[in-house]
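# Examining the three-dimensional arrangement
Here's the letter readout for the chains.
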Amino acid sequence: MTANGNTPTKKAVHFGAGNIGRGFVACFLHNSGYEVVFADVNGQIIDLLNANPTYKVIEVGSDGTTESIISNYRAINSKTHEDQVIDEIATADIVTCSVGPNILKFIAPVIAKGIDKRSEDLEPLAVIACENAINATSTLADFIKAPQNMAANRAEDIDNRARFANSAIDRIVPAQDPDAGLDVKLEKFYEWVVERTPFKDHKPPSIKGVMWVDNLEPFIERKLYTVNTGHATAAYHGYNRRKSTVYDALQDRYIQEEVKKALQNTADLITQKHGIDEDAQKEYVEKIVRRISNPHLEDAVERVGRAPLRKLSRKERFIGPAAELAEEGKDCSALLDAAEMAFRFQNVEGDEESTELAKIMETHEPQDVVKKVCGLQENEKLFPKVVEIVKKVQADSQEE
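Residues numbered from 1 in each chain as written. Predicted model: local features only at pLDDT ≥ 70, side-chain atom pairs only at ≥ 80, totals over all residues. Heavy atoms only, no water.

### As for helix 13 (residues 319–327)
Convention followed: Exposure is judged per residue with a 1.4 Å probe applied to protein chains only, and the accessible area is read against the type maximum: over 50% gives exposed, under 20% gives buried, and values in between give partly exposed. By the criteria applied, helices consist of DSSP H or I runs no shorter than four residues and strands consist of E runs no shorter than two, each listed in order from the N terminus. Residue contacts follow a heavy-atom distance rule, with two residues in contact if any of their heavy atoms lie within 4.5 Å.
Of all nine residues that make up helix 13, seven are buried, and the element is covered over most of its length. Listed as buried for helix 13 are Ile-319, Gly-320, Pro-321, Ala-322, Ala-323, Leu-325 and Ala-326. For helix 13, the elements touching its buried residues are helix 7 (217–240), helix 9 (253–274), helix 14 (333–343), helix 16 (366–374) and helix 17 (383–399). At the exit of helix 13 stands Gly-329, carrying a positive phi of roughly 70°.

### Some remarks on the packing of aromatic side chains
As a reminder of what qualifies: Pairing of aromatic side chains requires ring centres within 6.5 Å, counting the rings of Phe and Tyr and the six-membered ring of Trp. Pairs whose planes differ by under 30 degrees are stacked, by over 60 edge-to-face, and all others tilted. In our convention, an over-ring charge means Lys NZ or Arg CZ found within 6 Å of a ring centre and within 35 degrees of that ring's normal.
What the rule picks out here adds up to ten aromatic pairs. Taking the centre distance of 6.0 Å and the plane angle of 70° together, the rings of Phe-38 and Tyr-73 count as edge-to-face. Here Phe-38, found in strand 2 (residues 34–40), pairs with Tyr-73, found in strand 5 (residues 73–77); they are 35 residues apart in sequence, far enough to count as distant. You'll find Phe-38 and Tyr-73 in the same group, each marked buried. Residues Tyr-236 and Phe-345 carry aromatic rings whose centres are separated by 5.2 Å and whose planes lie at 75° to one another, so their mutual orientation is edge-to-face. Of the two residues, Tyr-236 sits in helix 7 while Phe-345 sits in the loop between helix 14 and helix 15 (352–363), which places them 109 residues apart along the sequence. The exposure class assigned to Phe-345 is buried, which follows from its relative accessible area of 0%. The lysine or arginine in question, Lys-10, covers the ring of Tyr-34, its NZ or CZ lying 4.3 Å from the ring centre. One residue, Arg-171, lies across the ring of Phe-24, its end atom 5.5 Å from the ring centre.

### Observations concerning the sheet that holds strand 6 (residues 94–97)
Put simply, the test is: Note: two strands are recorded as paired if DSSP finds a minimum of 2 bridges between them. Helix axes use the C-alpha atoms of the stretch in contact, all axes being lines fitted to C-alpha atoms, and the angles between their N-to-C directions lie in the range 0 to 180 degrees.
Read from one edge to the other, the open sheet built from six strands follows the order 5-2-1-6-7-8, with strand pairing classed as parallel. The open sheet has two edge strands with one neighbour each: strand 5 and strand 8 (162–164). Neighbour to neighbour, the strand axes of the sheet diverge by 20° on average, direction disregarded. Pairing between strand 2 and strand 5: five bridges, direction parallel. Directly across from Ala-39, in strand 5, lies its bridge partner Ile-76. Across the sheet, helix 2 (residues 43–51) touches strand 2 and strand 5, and the angle it forms with strand 5 is around 150°.

### What to know about the environment of Met-211
With respect to the helices and strands, the residue Met-211 is situated in strand 12 (residues 210–213). In this structure the C-alpha to C-alpha distance between Met-211 and Ala-307, which are 96 residues apart in sequence, comes to 29 Å. Beyond its immediate chain neighbours, meaning those up to four positions away, Met-211 contacts Trp-192, Val-193, Val-194 and Phe-219.

### Examining the packing of helix 9 against helix 10 (residues 278–292)
To keep things clear, this is the line we draw: Handedness of a crossing is defined here by the sense of rotation of the near helix relative to the far one, left-handed for an anticlockwise turn of less than a right angle and right-handed for a clockwise turn. Residues are sorted three ways: Asp, Glu, Lys and Arg are charged, Ala, Val, Leu, Ile, Met, Phe, Trp, Tyr, Cys and Pro are nonpolar, and all the rest, Gly among them, are polar.
In contact at an axis separation of 10 Å, helix 9 and helix 10 are set at 145° when each is read in the N-to-C sense. The element helix 9 and its partner helix 10 pack so that their crossing is right-handed. Residues Val-259, Leu-263, Ala-267, Ile-270 and Thr-271 of helix 9 pack against Glu-278, Gln-281, Val-285 and Val-289 of helix 10. Among the residues making up the contact of helix 9 with helix 10, the classes are represented as six nonpolar, two polar and one charged.

### What to know about the sheet that holds strand 12
Strand order in the open sheet made by the three strands is 9-11-12, with mixed pairing throughout. Looking at strand neighbours, the two that pair on one side only are strand 9 (167–170) and strand 12, the edges of this open sheet. Taken over all neighbouring pairs, the strand axes of this sheet differ in orientation by 15° on average, direction set aside. Summarising the sheet, strand 11 (residues 191–195) and strand 12 pair through four bridges and their orientation is parallel. Across the sheet, residue Trp-192 finds its bridge partner in strand 12, namely Val-210. Against the sheet, helix 7 contacts strand 9, strand 11 and strand 12, and its axis sits at roughly 35° relative to strand 9.

In C-alpha cells, the structure reads:
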C-alpha cells in the first residue's frame with residue numbers, strides 16, 4: 001500500500017491511536033482519501049501526532065519490506081477536549097475504533113453525542129468497530145443507544161443519522177521497537193471484511209482494501225477461531241514451556257502439533273457450520289501457521305497471551321468453538337488443552353487480567369470459576385470438562 005498525497009475531501013474519526021489504529025485502520029483510510037482525526041485519552045501520543053506531520057507504516061514479509069508515509073491527520077484528546085471530538089463526529093463520513101472490546105462502553109457516550117448533533121441532510125455516518133471480538137459494532141451500537149447515552153426517540157430513528165456495520169479484521173501487529181515513535185511495523189498480509197447490509201439504501205463508504213459482504217459471520221468465526229485461536233494456543237503453550245516468543249514456541253515440535261490439533265478442532269466446526277470447503281480451510285490454516293511463525297514478527301508470548309480472562313470467555317477463541325463442538329459430541333480436546341494453558345497464565349508481570357485470574361482461581365470453587373470466567377452453565381456439555389481442567393490447575397498451584 002502506498003501513500004496518497006492528495007488533499008482529502010472526506011473525514012474519518014478513529015478512536016484509538018495505538019499500533020492497530022495508526023498502522024492498519026488509519027493507513028487504509030488515508031490511502032482512500034480520508035483526513036483522519038485520531039481520538040484518544042493518551043495525551044502523550046496525541047501530542048506526538050500533532051507535533052509530527054507524518055509517520056511511517058512498515059510492512060514486513062518473506063519477500064522484503066515496504067514503507068508507506070501517512071499524513072493528513074489530526075489528533076484530539078477525547079478526555080480533555082470531548083466537545084471537539086463531538087463536533088468532528090457530527091461532520092465526519094466514518095467513525096472507526098480499535099480500542100479493545102472492554103473499552104467500547106467508554107467511547108459510546110461521546111459518539112452518541114456526535115451522532116445526535118449530526119444534520120439529517122448529511123449521509124448517515126458509517127460506524128465500524130475494528131476489534132478482535134464477534135459483532136463488536138453491534139455491541140458499540142447498543143451502548144450508544146442505551147438510555148443513559150441517547151434519548152429513546154433519537155435512538156428509534158438513529159438510522160437517519162448513523163449506520164452500524166460489523167467487521168472482521170485480520171493483521172498481525174507485533175510489539176514495536178522501543179524507539180519506533182509513531183512508526184508502526186506489521187505484517188504485509190491483511191484482511192478487513194465489513195458487512196454491506198446496513199448500507200442497503202445507499203453505497204457503503206469507499207475504503208480501498210475492504211471486502212464488503214452480505215453475511216459476515218463465516219468470516220468473523222473463521223478468523224477468530226483460526227488466527228486468534230492459533231496465535232493464543234502457541235503463546236500459552238509457549239509460556240508454559242518457557243519460550244520467549246511465538247516464533248520460538250513454534251520451533252518446538254510439541255507446540256506446533258498442539259497448534260495444528262487445535263486448528264483441526266476449529267476447522268471441523270467451521271467447515272460444517274458455514275459450508276466452507278475442507279481443502280480451502282486446510283489451506284487457510286496452513287497459511288495462518290506460516291504467518292504466526294514469521295521470524296520478522298517475533299512477539300513475546302506474554303504480550304500475545306495477555307488478557308486471559310477475555311480470551312477464556314464464552315464467545316472467545318477457545319470456549320466459543322469448544323462449546324459448540326461439545327454439544328455435537330465432537331472432539332475439542334486440543335482446544336481444552338490450550339484453555340488449560342491459559343488458566344495457568346497467572347500473575348504475569350504487566351498483565352492485570354492474569355493477576356485477577358490468579359485471585360479467582362485461589363478464592364473460588366471450580367464450578368464457580370467456570371461460570372465466572374468462561375460464562376458456561378451446568379447444563380452445557382462442555383461445563384464438566386472445563387471444571388476438571390480448573391480442578392487440575394488449582395491442585396497444581398497448591399502443590400507449588
